[in-house]
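Remarks on the overall topology
The lines below spell out each chain.
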Amino acid sequence: MSRLNIRKVAVLGAGVMGAQIAAHCANADLPVILFDLPGEEAHPDAGVEKALAGLKKLDPAPLATRDRLVAIEAANYAHNLARLGECDLVIEAIAEKMEWKRDLYQKVAPFVRADAIFASNTSGLSIASLAEAMPQTLRPRFCGLHFFNPPRYMPLVELIPTDSSNPALLDALETWLTTRLGKNVIRARDTPNFVANRVGVFSIVAVIHHTERLGLGFDEVDALTGPLIGRPKSATYRTADVVGLDTLAHVLDTMQATLEGDPWHRFFVQPTWLQSLVGQGALGQKTRLGIYRKDGKQITVLDPARQRYRPSAGEVAPEVGAILKVRDPVERFRQLRACPHPQARFLWAIFRDLFHYCAVHLAGVADNARDVDLAMRWGFGWSQGPFEIWQAAGWREIAQALQSDIASGATMSDAALPEWVLAREGVHEAAGAYSASSGTLVARTGLPVYRRQLYPDRVLGEAMADPAETLWESEGLRLWVRPDQDLGIGIVSFTSKMHAIGDEVMAGLQEALDRAERDLDGLVIWHEAPFAVGANLAQVAEACRAGQFDLLERMVDRFQQTAMRLRQAQVPVVVAMQGMTLGGGCEFAMHAAHRVMALESYVGLVEAGVGLIPAGGGSKAFALQAHRLAQRAAGGDVFPYIQTAFQTIAMATVAKSALEAQRLGFAQSSDDVLFNPHELLYVGLRRARAIAEAGYRPPLIEQAITVAGRDGIATCELMLVNMAEGGFISAHDYRVAKAVATALCGGEVDTGSRVGEQWILDVERALFVELLKTRETQQRIGHMLETGKPLRN
């Protein structure tokens, strides 16, 4: 079985996870039937319909665009079970109760097709026990399929087989999950909580224990356990609020019930403060009250000792902050162990006990250490997994310190370290990752789908042969090829910070295009996210301070000509993009021959946020788009299309997915949207080759674009007048928005005039420079550079 043809999906359970799994399937153009318990006789699908309505309100949005909701049908177990026969994949996602799940399986099994896949989204219940409720005929096609919350954004899916699961089917399912849904798959063992939750929840348990032991505040611990140690901003206790305190309590109860033989078992209990909050119905973010509480504009945090809330002001002690800035992980951990400050003692303790837990349980929980590390990165958002951190900090040195703390009784458990720990120098080597169960190094899976990932996520110490050859390099970018893929398609990668577009990138791109036209068949612009955060504002601000407005006008002209050079290149230029694609980055993408976009591409012309307008050809691109759309419409009026673009640009709207970028006009419907960003370069190279082989010809420069002119500007101004009188925009907002309208409408010309592309470029450039000369725009640019946030002035 090499390929799955999944045409329709059923999801059983319309709770938080079930509804969001259905949403992500809908994002991937899969029709979904979402089942739940029947409601009242008059409205049997009311529960599902409520869940579907709730999808529109969730943040971050589970739906890539709101219209994807139409792909999800509501159904219930009382009236619609026969419809399961329409589905190729059935995903059960009801509450984590073994008896409820088994009862449901017996009810639905007669309606599931013999060739369908049945999977449970359980986060930790025994898959083998669940399979016992299945008829023998379905067991080979049953497995665990554990998505992480939120399913659209968290890449990890744990795939858990039973002894009866068909191996070929599992390979095909992993392939489908990887490309169709964009997931990173870990094959997990059928042990309680599988891999990521087993390690991740223990990490939370260790944090809770040492927080109380050392008398630290919840906010203080969150300051310590976030980005400073390579974990998400929500850190520990904020994450618990987001996930739900009732969920945390349930997971702890499950571990208490199912892990009796675990040496850390006595710590798998709900702390008193958690029992109290859950008992009061304070479940975190979903009830707006939990460990944290918002009082007006002030964030407060629970003080468990006093059982009341206080202002949240947790800070990292200066001496501990200095240790965390030490770049060498070996030295950083040495200093943490030596520092007497409670915060340093806390950090060493949570890492030490995590390392201890992972070492003791590696053989039983995971096939190898790489699976543990990647599971924590993909499922919990850590920058490194526990074994990577340990190995980077000096495997032997940490192991000896851990051994010493075990002997002194300082650790949470006195479990002995496995012999392999002290016998090795680490777990990740060029040949593979260590498997404690087999005592060997395990290489990565050889499934063909992973050939599409030219640069997959790698763990520390893992070797990767990179056949890339650099053709040319400058201060701002690198031009290179992958001979193993296509020697005739060049790859351009920006090397500037956050891939900002300054003089060095523009000059480099012009040179790369010259070289491509001379020596290559096409170009792909690709690098890791973000694609580009826009123009280099620091260069712009410096020129403004020096009053070098002639220089700035030349810089904008160079930006425009670079964008046009992309569009007029004699070889196809494909942009392979993911993450933030803003301002000038968006304009470059709009001028390419084709775009290959990761679903999670956040695209927009955001110049209005710093008091400017798009002037790298973005305004011109939308004016040209309006002209072409009007030509195909009855009446030929361009303004309706200009009006939509005006609202998008003036509000600095950012598309929250590649699909929304297509809807807003930042990309074309013919562009490719990939769910797995690791496949971008692979597809981009093949798309560029296909376009080249089809006899690519650059588009002609338009000389007769019908523009909305003065009437269009005046109509846009009417909207602005109302907003200004209502106090919704400032005088400078008005000025910026009018400049947006003027550029989109082709300048102060008669309505219906025909102008060339260069005319509109000249208009947007002149307006851009005039805005740069204003005090308000300069203040906005300075504020953005200092704080990363827009200024309203």
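Computed from a predicted model, the values in this text were never measured in an experiment. (Residues numbered from 1 in each chain as written. Predicted model: local features only at pLDDT ≥ 70, side-chain atom pairs only at ≥ 80, totals over all residues. Heavy atoms only, no water.)

Topic: the domain arrangement of the chain
- Examined at the domain level, the chain breaks down into domain 1 (9–187), domain 2 (196–441) and domain 3 (469–777).
- Between the C-alpha centres of domain 1 and domain 3 the distance comes to 40 Å.
- Facing 15 residues of domain 1, the contacting portion of domain 3 comprises eleven residues.
- Of the roughly 960 Å² buried at the junction of domain 1 and domain 3 (both faces included), carbon and sulfur atoms supply 52%.
- Considering only the surface of domain 1 that becomes buried against domain 3, Ala64, Thr65 and Arg152 emerge as the three largest contributors, covering 37% of it.
- A salt bridge links Arg152 to Glu600; its shortest N-O distance comes to 2.8 Å.
- Taken together, the links from domain 1 to domain 3 amount to five residue pairs in polar contact (both at pLDDT 80 or more).
- Elements represented by at least two residues in the side of domain 1 that touches domain 3 include exactly helix 1 (16–27) and helix 5 (167–179). (Domains from an automatic or database assignment. Contact = heavy atoms within 4.5 Å. Buried area = accessible area lost by both parts, 1.4 Å probe. Salt bridge = Lys/Arg side-chain N within 4 Å of Asp/Glu carboxyl O. Polar contact = N/O pair within 3.5 Å; in protein donor to acceptor, adjacent residues only side chain to side chain. Helix = DSSP H or I, 4+ residues; strand = E, 2+ residues; numbered from the N terminus.)

Looking at the packing of aromatic side chains
- Counting across every chain of the model gives 27 aromatic pairs.
- Where Tyr105 meets Phe142, the ring centres are 5.8 Å apart and the plane angle is 70°; that geometry is what we call edge-to-face. Of the two residues, Tyr105 sits in helix 3 (residues 98–108) while Phe142 sits in strand 6 (residues 142–147), which places them 37 residues apart along the sequence. The pair Tyr105 / Phe142 is uniform in exposure class, with both members buried.
- Note on Tyr237 and Trp273: the rings are 6.0 Å apart at their centroids and 65° apart in plane angle, and the pair reads as edge-to-face. Of this pair, Tyr237 sits in helix 8 (residues 237–243) while Trp273 sits in helix 10 (residues 272–280), and the two are 36 residues apart along the sequence. Of the two residues examined, Tyr237 and Trp273, each falls in the buried class.
- The rings of Phe333, Trp348, Phe351, Phe355, Phe387, Trp390, Trp395, Trp420 and Tyr434 are connected pair by pair, giving a single aromatic cluster.
- In this structure, Arg231 is placed above the aromatic ring of Trp382, and the distance from its NZ or CZ to the ring centre is 3.8 Å.
- Geometry around Trp348 places Arg337 over its ring, the cationic atom sitting 5.4 Å from the centre. (Phe/Tyr/Trp six-rings, centres within 6.5 Å; stacked < 30°, edge-to-face > 60°. Buried < 20%, exposed > 50% of the residue type's maximum accessible area, 1.4 Å probe, protein only. Lys NZ or Arg CZ within 6 Å of the ring centre and 35° of its normal.)

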